[in-house]
Amino acid sequence: MRRLEDRATWWVSRAQLRAHGLLQELFAEAGSRAYHYRLLAAVEESGPVSQADIGRTTEIDRSDVSVALAVLEDDGFVARAPHPSDRRQNLVTITASGRAELARLDVVVDRAQELFLAPLAEEERAVFVDLVRRLGPAATA
């Protein structure tokens, strides 16, 4: 469609659909979900962290965070304990098994990046990531 050929928003949305599809497919093959990866990464990076802070960091709804953390806790990937100064909050920490799972899922994400960026030359990939990063949410802040 000629009307869309030069529209950046059209091509970015098409690329996002492709990226999302790749991630969903590869995470499903690995027996996991993309938001489990995001949660594990956030907990590893933040150390003991409240569920509310995890939701803000990962941009996942609080109720979905709670459900997903229950799955990760059942699998032994995270541990939840009451916050020492506020018993209404839980602090979440990553376990050794969670770190191993995160490393396993890093391979999945690396594969998705490789497949997604395959049409670009090696030197174009860093430029592309830089440009997309500049167009992200921080660009409107």
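Scroll up to find the structure.
Procedures and definitions
Residues numbered from 1 in each chain as written. Predicted model: local features only at pLDDT ≥ 70, side-chain atom pairs only at ≥ 80, totals over all residues. Heavy atoms only, no water. Pairing = 2+ DSSP bridges. Helix = DSSP H or I, 4+ residues; strand = E, 2+ residues; numbered from the N terminus. 1 Å grid on protein atoms, 1.4 Å probe; cavity = no way out; pocket = protein on both sides within 12 Å on 5 of 7 lines; lining within 4 Å. Points joined across faces, edges and corners; volume = space filled by probe spheres on them. Nonpolar A, V, L, I, M, F, W, Y, C, P; charged D, E, K, R; others polar.

Novice: Can you lay out the sheet that holds strand β1 (residues 49–50) for me, pointing to particular residues and giving the numbers?
Specialist: An order of β1-β3-β2 is seen for the three strands of this open sheet, with the pairing classed as antiparallel. Looking along the sheet, the strands with just one partner apiece sit at the ends: β1 and β2 (78–82). Examined bridge by bridge, β2 and strand β3 (residues 90–94) share five bridges and lie antiparallel to one another. The partner of A81 across the bridge, within β3, is L91.

Novice: Just give me the short version of the pairing of β3, but keep the residues and values in it.
Specialist: For β1 and β3, the ladder comprises two bridges, and the chain directions are antiparallel. Considered in β3, the bridge of V49 is made with V92.

Novice: Give a description of the layout of surface pockets that names residues and reports values.
Specialist: Considered as a void within the structure, the largest pocket measures approximately 1100 Å³ in volume. Surrounding the largest pocket, 28 residues form its lining, A19, L23, Q113, F116 and V132 being those nearest its centre. Elements with a contribution of two residues or more to the lining of the largest pocket: α1 (8–29), α2 (34–46), α5 (96–117) and α6 (122–135). At twelve residues, α1 tops the list of elements feeding residues into the lining of the largest pocket. Across the lining of the largest pocket, the residue classes tally to 20 nonpolar, five polar and three charged.

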